[in-house]
Amino acid sequence: MSNQLNCHPLFTVRTEFLSADERVSLSYKRARLVVQTYNLSVSDIQFCSQRYWSMMTDPIMSLDTAMFTILAAHVGLAIGTLSPHLKHRPDFRDLVNRLLRFETVGIYLLSERGHGLDAFNIETTATRTPAGFVINTPREEASKFMPASTPAFGIPKVALVMARLIIDGEDRGPRFFVVPICNEQEMYKGVESIRLGPRPGTSPLDFSITRFKNVLVPHTALVASKLDDYSMPEFPLQAWWNEVWRIPYGTMAVTAPWISSIKAAAYIAGKYSMHRSITSKGNAPLPIISFRTQQWPIIHATAVAHVMSNWYPIAIQQTMDMSLDPRVRHGMAVIVKTTACRHFQRCVPEVAERCGAQGTFEHNYMARIENDGKGVIIAEGDVLTLCIRLFSELVLQRYHVPIPDPSESLLAEHAHSVLDENRDLLRHIPDGHRGESFNSILLPQAEPTIEAIGQAMAYSAALRSGLPRPILDVYECAVIRRDPAWYSERAGLTRLAQRMREDKAVTAAMPHLERYLDDLKIEGYVSAPIVSDKAWKDYVDAMPVYVGNAISKSIDQVQAML
């Protein structure tokens, strides 16, 4: 979908000149604009249509992480969770319509302060009474953490609250309930929001601790197609996964802005390095991109951006393929998130550092997005925890994910090898996957193994899509850097051979760098002033200037005072 969101005044304002609360208010306004621009239907959201993915992958999402956080919960989780119930619950229609128009903001209150990722064991209760359900937070550890629930920005909010259904004193397991949180001015009776402090160097949002004191909601607040079904599930954990069915899609969706962010960081650092010069012999200017130490971080980030951008839509198709085992579809989302986010964490700090002092300022994007990226590691499932679960199931061979054939590439051979190595190790440790040896020896290999699988998949997709050979070769060298010992032991690439392979790849890629950067198609979303000398001078001219008429004391007067 083509739009001009990046040219809209809400997205051209320089946020570094705003206060924290002004920025939060702006993020809510931007979120409303995005919702209105894409005008998604319930069906788009429920079935994750092409239009839905177009919104989630719009590069505009990488410009404001707070805005994306609002939208990911509002659209993907809140509306997404309610959508399949509308057929049997027409009473939800008015609420969903208000959410679709962004007249009310939906938040997703699942995790609790004392439980974190162990959300199956939440403690918030919803006790049935003749008048409805009474929602309570039994102790501080059961407070909901950390969705933005304050009324401070003039927007009504409603939450899907995960609480334990209590019927006649019996716990029937966790269910979602629709609970109004605040109107435009204040919290609803019994609902308390405690605004958390800021997260340093990030896009601010009114993140909160939310708790409930005898909040009465009607029986119709239960999110279920059958309102009279209060039975205890035969398989409680599976029933819980059915309740939080949008989380796997969220795991996939939260990855998209970070691919755009890698593109932006590569573009900013690349363009800056082309015009930033030092004085060489004979007083001639020498662009800093001339140095290999500058070339590697930039061409590395550029190659990763191309490979990830190519792979992501292919992976979406696999994640949405209903003919596949749901565990495989969720596994694909975990693999994509792990691979892309870890690439982000390596690429962005490196290119930001190569921009020197300029790379540390918010107006040049990279420092802020690096800090914002730390949040996505835990959003919709902590990367390491997701990897541990997937890795355990793969080594136990409960199901399989489609790893490219080992004959296709070195990266595919590496992925098969490390997975097989851990499977073989499992067969030889005492007590199997429930023993201490599994915890101490195998689990530390969980994330590197899942990442290796993702790298092989991404490279395979790039190969099949015909990405330029220099891009492929640089990406391959970047992956080899992650496990040089294996490539030395198993592929016969000595340390020197790896270094020469990398030199050859970079040498082949550098003559095409400018074209590769332009092909990222991210320029319209970049406002960092260091991309050109003119942009920097224009930015300086727009900044506040301090002037005055004070006259300094003479040196003699200063010395006399001392």
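Preceding block: the structure.
A quick note: this is a predicted structure, and the numbers were derived from the prediction, not measured.

S.K.: Go over the packing of aromatic side chains with me, naming the residues and quoting the values.
M.R.: Between two aromatic rings, the relevant description is the distance of the centres plus the angle of the planes. Summed over all chains, the structure comprises 12 aromatic pairs. With centroids separated by 5.1 Å and ring planes inclined at 45 degrees, the aromatic side chains of tyrosine 108 and phenylalanine 176 adopt a geometry described as tilted. Taken together, the residues tyrosine 108 in strand β1 (residues 105-109) and phenylalanine 176 in strand β6 (residues 170-182) connect sequence positions 68 residues apart. For tyrosine 108, a relative accessible area of 7% corresponds to the buried category. For phenylalanine 176, a relative accessible area of 0% puts it in the buried group. Each ring, one from tryptophan 245 and one from tyrosine 249, has its centre 6.0 Å from the other, and the planes form 90 degrees; the classification is edge-to-face. Since its relative accessible area comes to 25%, tryptophan 245 is described here as partly exposed. Taken together, the ring pairs in this structure connect Phe17, Trp536 and Tyr539 into an aromatic cluster. Lying over the aromatic face of phenylalanine 92, arginine 89 brings its terminal NZ or CZ to 4.1 Å of the ring centre. Between the NZ or CZ atom of arginine 246 and the centre of the ring of tyrosine 52, over which it lies, the distance is 5.8 Å.

S.K.: Could you give an account of the sheet that holds strand β7 (residues 191-195), with specific residues and numbers?
M.R.: Read across the sheet, three strands follow the order β4-β8-β7 without closing on themselves; strand pairing throughout is antiparallel. Bordering the open sheet on either side are β4 (144-146) and β7, each of which pairs with just one other strand. Strand after strand, the sheet turns through a mean of 15 degrees between neighbouring axes, direction not considered. As paired strands, β4 and strand β8 (residues 208-212) are joined by three bridges and run antiparallel to one another. Residue pairing in the sheet places methionine 146 in a bridge with serine 208 of β8.

S.K.: How would you summarise the pattern of salt bridges if you had to cite specific residues and measurements?
M.R.: Side-chain pairs of opposite charge can arise whenever the charged atoms involved come near each other. A complete count under the given rule lists 37 salt bridges for this structure. A salt bridge links arginine 346 to glutamate 451; its shortest N-O distance comes to 2.2 Å. Placement of arginine 346 in helix α11 (residues 326-353) and of glutamate 451 in helix α16 (residues 446-465) is noted, with a sequence separation of 105 residues between them. Using a relative accessible area of 22% as the deciding quantity, one classes arginine 346 as partly exposed. A residue is classified by how much of its surface remains accessible, and glutamate 451, at 6% relative accessible area, is buried. Shared partners join several salt bridges into a network, and the residues in it are Arg113, Glu123, Arg139, Glu140 and Glu141.

S.K.: Let's hear about the pairing of strand β2 (residues 125-129): which residues, and what values?
M.R.: Of the pairings in the sheet, the one linking β2 to strand β3 (residues 132-136) comprises five bridges and is antiparallel in character. Bridging across to β3, threonine 127 finds its partner in valine 134. A loop of two residues connects β2 with β3, the two strands running antiparallel in sequence. Bridge count for β2 against strand β5 (residues 157-167) is three bridges, and the pairing is parallel. Across the sheet, the residue bridging to threonine 125 is arginine 164, located in β5.

Cut-off values and rules
- Residues numbered from 1 in each chain as written.
- Predicted model: local features only at pLDDT ≥ 70, side-chain atom pairs only at ≥ 80, totals over all residues.
- Heavy atoms only, no water.
- Phe/Tyr/Trp six-rings, centres within 6.5 Å; stacked < 30°, edge-to-face > 60°.
- Helix = DSSP H or I, 4+ residues; strand = E, 2+ residues; numbered from the N terminus.
- Buried < 20%, exposed > 50% of the residue type's maximum accessible area, 1.4 Å probe, protein only.
- Lys NZ or Arg CZ within 6 Å of the ring centre and 35° of its normal.
- Pairing = 2+ DSSP bridges.
- Axes fitted to C-alpha atoms, helices over the stretch in contact; angles between N-to-C directions.
- Salt bridge = Lys/Arg side-chain N within 4 Å of Asp/Glu carboxyl O.

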